[in-house]
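Breakdown of the fold
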Amino acid sequence: MKKLSYILVYLLINTTLLGQSTIQYDLSLGDVFTIKQDANQIITQEIDGASHEITNTLMGILEFRVKGNTNNTYAIDVMFKDLNLKMISSIQGELMNVHAKDFEQDDAQSKIFNSLLDVPIQIILARSGDILDVSGGDSLVAKMADASGLEDEFSLNMMTKSLEKEFGSEALSNSYKQLTYLYPETPIEVGDSWKNEYTGKLKAHNTWTLNEITEACAKIEGKALVVMDVVEASSTMKLEGIQNSSVITDITTGFVKKMTVHGLAEGYTTMAQMGDQEIPTIIKSTIIYELIEN
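In this report, we go over the structure that sits alongside the text. (Residues numbered from 1 in each chain as written. Predicted model: local features only at pLDDT ≥ 70, side-chain atom pairs only at ≥ 80, totals over all residues. Heavy atoms only, no water.)

Comments concerning the pairing of strand β11 (residues 256–271)
Consecutive side chains along a regular strand alternate between the two faces of the sheet. By the bridge criterion, 15 bridges tie strand β10 (residues 235–250) to β11 in an arrangement that is antiparallel. What sits directly across from Gln243, in β11, is Gly263. Hairpin connection, β10 to β11: the antiparallel pair is bridged by 5 residues, and Gly254 has positive phi, about 90°. (Pairing = 2+ DSSP bridges. Helix = DSSP H or I, 4+ residues; strand = E, 2+ residues; numbered from the N terminus.)

Printed below as a string of structure tokens:
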């Protein structure tokens, strides 16, 4: 009877182990992944009883190229292959409409965004998807600032500082983490959850759950509490909210096949010209990442 108990315990332990899976990145030198990003963001502000709505849309193509690997990390070149940005105000109409590939020689804004195409940024990716280091962002910012055509030092410095907030190494690292930082450090089984977080303009405290795993893919659900704290020269935006993610990843490489992120955050904005008046602000967003080539 005692031997039978030992056998049962052994079987239970091994059944548990067999039910666990290690889901993480498993990339090879030379691997290339091309991701299309479609994003839609609606910012609604209430000012003196009137509603002002700004709609931002973005379409970007990102290429990830594996340049080196160790037992625990990957060196990857990331570059924009295309980037289209559009901003529409319900009051002022179209504020921006940039197609990075189709730049106009006499349009400074167009030239700035064209200059970021095909410029590699180097990231060090952990197997969990955490980004441990980013380099090259400062060179990218310098190239974009130079493309602006500005010549006086003051204006050039202001332009550089503005671009650093979006395209500097730290900003890009935080941006890429939303796409890559998905996996736990230890083996798990279907139904298990784990936590991670990333910072930046958008701080997210994420709880991930493995919903399904097959021979081809893993399906993961994410729920996050988010905080937005955006400080600009003329305005400050402070919001809190939630973010829900639905992810399908390739079980072989760990790379995202499709990821949909819905976000809702509420808070207030203050503007320098309006003193300390707090303007109620709501941001609704949807971001879709999809693997289009590998």
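A word on the environment of Ser90
Within the fold, Ser90 resides in the loop between β3 (73–89) and β4 (93–99). Between the C-alpha atom of Ser90 and that of Ser193, which follows or precedes it by 103 residues, the distance is 41 Å. The contact partners of Ser90, leaving out residues within four places of it in the chain, are Ser51, His52 and Glu53. (Contact = heavy atoms within 4.5 Å.)

Regarding the pattern of salt bridges
A complete count under the given rule lists 7 salt bridges for this structure. The salt bridge involving Asp130 is made with Lys177; its shortest N-O contact spans 3.4 Å. With a gap of 47 residues between them, Asp130 in the loop between β5 (121–126) and β6 (131–135) and Lys177 in helix α5 (residues 169–180) connect regions that are remote in the sequence. Of the two residues examined, Asp130 and Lys177, each falls in the buried class. (Salt bridge = Lys/Arg side-chain N within 4 Å of Asp/Glu carboxyl O. Buried < 20%, exposed > 50% of the residue type's maximum accessible area, 1.4 Å probe, protein only.)

Observations concerning the nonpolar core
Counting 52 residues, the largest nonpolar core has Phe64, Ile76, Leu116, Phe167, Tyr176 and Met259 as the members making the most contacts within it. Per-element tally for this core: the top contributor is β3, with 6 residues. Contacts of Phe167, omitting those with residues within four sequence positions, involve Phe80, Phe113, Leu116, Gly137, Leu140, Val141, Met144 and Leu172. The next biggest cluster of nonpolar side chains, apart from the first, holds 8 residues, and it includes Ile43, Met228, Met237 and Ile283. (Core = buried A, V, L, I, M, F, W, Y, C linked by side-chain atoms within 4.5 Å.)

Overview of the packing of helix α4 (residues 153–167) against α5
Packing of α4 against α5 brings their axes to within 5 Å, and their N-to-C directions diverge by 25°. Taken together, the axes of α4 and α5 are roughly parallel relative to one another. Of the residues in α5, those touching α4 at Glu164, Lys165, Glu166 and Phe167 are Ser169, Ala171 and Leu172. Partitioned by chemical class, the residues of the contact of α4 with α5 number 3 nonpolar, 1 polar and 3 charged. (Axes fitted to C-alpha atoms, helices over the stretch in contact; angles between N-to-C directions. Parallel < 35°, antiparallel > 145°, perpendicular 65-115°, else oblique. Nonpolar A, V, L, I, M, F, W, Y, C, P; charged D, E, K, R; others polar.)

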